Amino acid sequence: METKDVIRKLRTERGMSQEELAGRVSVTRQAVSRWETGDTVPGTETLKLLSGLFEVSVNTLLGSSRKLICQCCGMPLEDNVTSHEPTGEFNEDYCMWCYSDGMFRYSSMEELIDFCVENMSSENWPKEQVRAHMEEVVPKLKHWRSV
């Protein structure tokens, strides 16, 4: 879905007119109309305002052109599991289980991997395979490369 379609869909789902949306993000009704026809795309700061207003990530507003994964555990990120900063803004780098209220839950890779092994393993995916997978993926993620 393109940005123009996402904005129109989110606006109409909430029963907002273009004028109401414009007022909420301090732009003109014509600007909203241009977004919804695809003539323009909101700027960075306006995308952040729209993200907060609609409670979706900027990535979603841009049509989810790229798939995000948590840069701590490797889990795919959807809006309902993406973490938030203490200010309420989405943090599109981490899931809500690895990062919340401005703090990371896991102090070491080993702690994270042990947790995942216990909670992700199943009859079809034994603990040894989960551990091998996590030991391969986790060290390559942004959070652990910087620690």
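A short tour of the structure in this document, coming up. Position numbers for residues start from 1 in each chain and track the written sequence from start to end. Whole-chain, interface and lining totals are the exception, using all residues; otherwise, since this is a predicted model, local features are given only for residues with pLDDT of at least 70 and side-chain atom pairs are given and counted only at 80 or more. With hydrogens and water set aside, each side-chain value is computed from the structure's full complement of heavy atoms.

### Section: the overall build of the chain
Then step 1. Helix numbering and strand numbering both begin at the N terminus, where a helix is a DSSP run of H or I of at least 4 residues and a strand a DSSP run of E of at least 2. Of regular secondary structure, the chain possesses eight helices and four strands.
Then step 2. Put simply, the chain runs from its N terminus to its C terminus through helices and strands in the order α-α-α-α-α-β-β-β-β-α-α-α.
Then step 3. For this measure, only C-alpha atoms enter the radius of gyration; the expected value for a globule follows 2.2 Å times N^0.38, where N is the number of residues. Rg of the C-alpha trace for the chain: 19 Å, well past the compact-globule value of 15 Å for 147 residues, more than 25% over.
Then step 4. For the chain, the spread of C-alpha atoms along the principal axes amounts to about 55 × 30 × 25 Å.
Then step 5. Here the term buried applies to any residue with accessible area under 20% of the maximum for its type, exposed to any over 50%, and partly exposed to those in between, with areas from a 1.4 Å probe on protein chains only. Burial analysis of the chain (147 residues in total) assigns 35% to the buried set.
Then step 6. What makes two residues a contact is simply this: any of their non-hydrogen atoms within 4.5 Å. Sequence separation of 24 or more characterises 40% of the internal contacts of the chain that already satisfy a separation of 6 or more.
Then step 7. Computed by Shrake-Rupley with a 1.4 Å probe, the accessible areas treat only the displayed protein chains as cover when residues are assessed. Counting every atom, the chain has about 8,800 Å² of accessible surface; 49% of that belongs to carbon and sulfur.
Then step 8. Looking at the chain, you have 17 positive and 24 negative side-chain charges, and the mean spots of the two groups are 6 Å apart. Positive: Lys, Arg. Negative: Asp, Glu. His and the chain ends are not part of the count. Lys charges are placed at NZ, Arg charges at CZ, Asp charges at CG and Glu charges at CD.

### So, the packing of helix H6 (residues 109-120) against helix H7 (residues 127-137)
Then step 1. One way to put it is that H6 packs onto H7 with a least axis distance of 9 Å and a crossing angle of 140 degrees. As far as their axial angle goes, H7 and H6 are oblique. Between H6 and H7 lies a crossing of right-handed hand. For the pair formed by H6 and H7, the contact residues are Ile 113, Asp 114, Cys 116, Val 117, Glu 118 and Met 120 on the first element and Lys 127, Val 130, Arg 131, Met 134 and Glu 135 on the second. In this analysis an axis means a line fitted to C-alpha atoms, helices contributing only their contacting stretch, and an angle means the value between N-to-C directions, from 0 to 180 degrees. When an angle is under 35 degrees it counts as roughly parallel; over 145 it counts as roughly antiparallel; between 65 and 115 it counts as roughly perpendicular; any other value is oblique. Two helices crossing with the near one rotated counterclockwise from the far one by less than a right angle form a left-handed crossing, whereas a clockwise rotation gives a right-handed crossing.

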